[in-house]
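Chain and residue survey
Here is how the chains run, residue by residue.
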Amino acid sequence: AQSVSQHNHHVILSEAASLELGCNYSYGGTVNLFWYVQYPGQHLQLLLKYFSGDPLVKGIKGFEAEFIKSKFSFNLRKPSVQWSDTAEYFCAVYGGSQGNLIFGKGTKLSVKP
Amino acid sequence: DTEVTQTPKHLVMGMTNKKSLKCEQHMGHRAMYWYKQKAKKPPELMFVYSYEKLSINESVPSRFSPECPNSSLLNLHLHALQPEDSALYLCASSPGGAGETQYFGPGTRLLVL
């Protein structure tokens with residue numbers, strides 16, 4: 001069965017530090033890839049997505065992600081985090097016959113002011 | 001209108017009660033989803049409706065009963081729930097199939113006593 005791995009359970013950064021959150025998936029065929037963010041007490045919001053084309057995708061709030069097919073990865077990056085980026089980040093993958101979106105376990109990001 | 005709305009925001013029910021959760025979207029989306037999210041965990045898919053027909057049921061106990069009265073509305077009927085069913089119930093919609101971007105509602109926080 002398809003799976004999505006987010007290796008970092010909790011990341012703690014100071015403001016202005018750079019961020020990279022890892023996401024790896026197991027499906028070898030064509031995939032649609034997503035990063036969602038869940039701010040404290042709020043609902044899941046789409047940060048960015050990749051369906052095809054340029055493997056470097058830019059999302060909202062200065063986030064970007066790079067799809068590396070050979071590594072089955074879709075890592076999320078931000079050059080300089082802010083306190084307001086404190087949230088839970090979920091990578092999600094849709095691929096093939098699975099028929100539904102598979103979420104990773106999430107990474108909690110805490111940004112210290 | 002890019003919103004998915006859910007009512008109620010909070011619900012407390014006893015194990016013998018019958019209640020319903022409601023979800024509505026006016027984006028013309030033809031696929032709608034119910035997810036269950038426990039604290040500090042990713043969303044778990046429960047049901048998918050595609051063009052108002054149930055297309056995926058992820059082996060959810062029969063005490064959860066989904067209903068899609070029309071393309072804009074999705075209900076989740078609850079009966080004889082257990083305390084372990086306490087969770088955040090999320091509704092989502094997408095334009096067509098599951099591989100497309102899913103837009104999430106704020107959720108209903110359910111407590112079963």
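Notes on the structure in this doc start here.

Criteria and cut-off values
Residues numbered from 1 in each chain as written. Chains lettered and ligands numbered in written order. Predicted model: local features only at pLDDT ≥ 70, side-chain atom pairs only at ≥ 80, totals over all residues. Heavy atoms only, no water. Contact = heavy atoms within 4.5 Å. Buried area = accessible area lost by both parts, 1.4 Å probe. Salt bridge = Lys/Arg side-chain N within 4 Å of Asp/Glu carboxyl O. Polar contact = N/O pair within 3.5 Å; in protein donor to acceptor, adjacent residues only side chain to side chain. Helix = DSSP H or I, 4+ residues; strand = E, 2+ residues; numbered from the N terminus. Nonpolar A, V, L, I, M, F, W, Y, C, P; charged D, E, K, R; others polar. Pairing = 2+ DSSP bridges. Buried < 20%, exposed > 50% of the residue type's maximum accessible area, 1.4 Å probe, protein only. Phe/Tyr/Trp six-rings, centres within 6.5 Å; stacked < 30°, edge-to-face > 60°.

With that out of the way, let us pick up the interface of chain B and chain A. Listed as interface residues are 18 residues of chain B and, on the opposing side, 17 residues of chain A. A buried area of about 1,400 Å², summed over both sides, lies between chain B and chain A, and 61% of it is on carbon and sulfur atoms. Taken as a group, B:Gly99, B:Thr101 and B:Phe104 account for 33% of the area that chain B buries against chain A, more than any other trio of residues on that side. Counting across the chain B and chain A interface gives zero salt bridges. Across the contact surface, chain B and chain A share four residue pairs in polar contact (both at pLDDT 80 or more). Elements with a minimum of two residues in the side of chain B that touches chain A: strand S4 (31-37) and strand S9 (87-94) of chain B. Of the residues in the side of chain B that touches chain A, the class split is ten nonpolar, five polar and three charged.

Attention now moves to the pairing of strand S12 (residues 107-112) of chain A. As paired elements, strand S2 (residues 10-14) of chain A and S12(A) share five bridges and run parallel to each other. Looking at the pairing, A:Val11 lines up with A:Leu109 of S12(A).

Turning to unusual backbone geometry, a few remarks are in order. The peptide bond linking B:Thr7 to B:Pro8 adopts the cis configuration, its omega dihedral lying at -5°. On the secondary structure map, B:Pro8 appears in the loop between strand S1 (4-7) and strand S2 (10-13). Here A:Ala16, not a glycine, exhibits a phi torsion of approximately 80°, which is positive. Structurally, the position occupied by A:Ala16 is in the loop between S2 and strand S3 (19-21). When its relative accessible area of 54% is taken as the criterion, A:Ala16 is described as exposed.

This part takes up the packing of aromatic side chains. Residue and element names in this part refer to chain A. Taken as a whole, this structure holds 13 aromatic pairs over all chains when the rule is applied. With 5.6 Å between their ring centres and 45° between their planes, phenylalanine 63 and tyrosine 89 make a pair best called tilted. Remark: tyrosine 89 occurs in strand S10 (residues 87-95) and phenylalanine 63 occurs in the loop between strand S7 (56-58) and strand S8 (64-68); sequence separation between them is 26 residues. On the basis of relative accessible area, tyrosine 89 is assigned to the buried category, the value being 0%.

Time to look at the side chain of B:Ser86. Residue and element names in this part refer to chain B. In this fold, serine 86 is placed in the loop between strand S8 (73-79) and S9. Taking relative accessible area as the criterion, serine 86 reaches 16% and is therefore assigned buried. One polar contact links the side chain of serine 86 to the main-chain carbonyl oxygen of proline 83, over a distance of 2.9 Å. A polar contact of 2.8 Å, which involves the side chain of serine 86, links it to the backbone nitrogen of valine 112. Apart from the residues within four sequence positions on either side, serine 86 is in contact with Lys38, Leu110, Leu111 and Val112.

A few words now on the side chain of A:Gln6. Residues and elements named next belong to chain A. With respect to the helices and strands, the residue glutamine 6 is situated in the loop between strand S1 (4-5) and S2. At a separation of 3.1 Å, a polar atom in the side chain of glutamine 6 contacts the main-chain amide nitrogen of glycine 106. Apart from residues lying up to four places away in sequence, glutamine 6 is in contact with Gly22, Trp35, Tyr89, Phe90, Cys91, Gly104, Lys105, Gly106 and Thr107.

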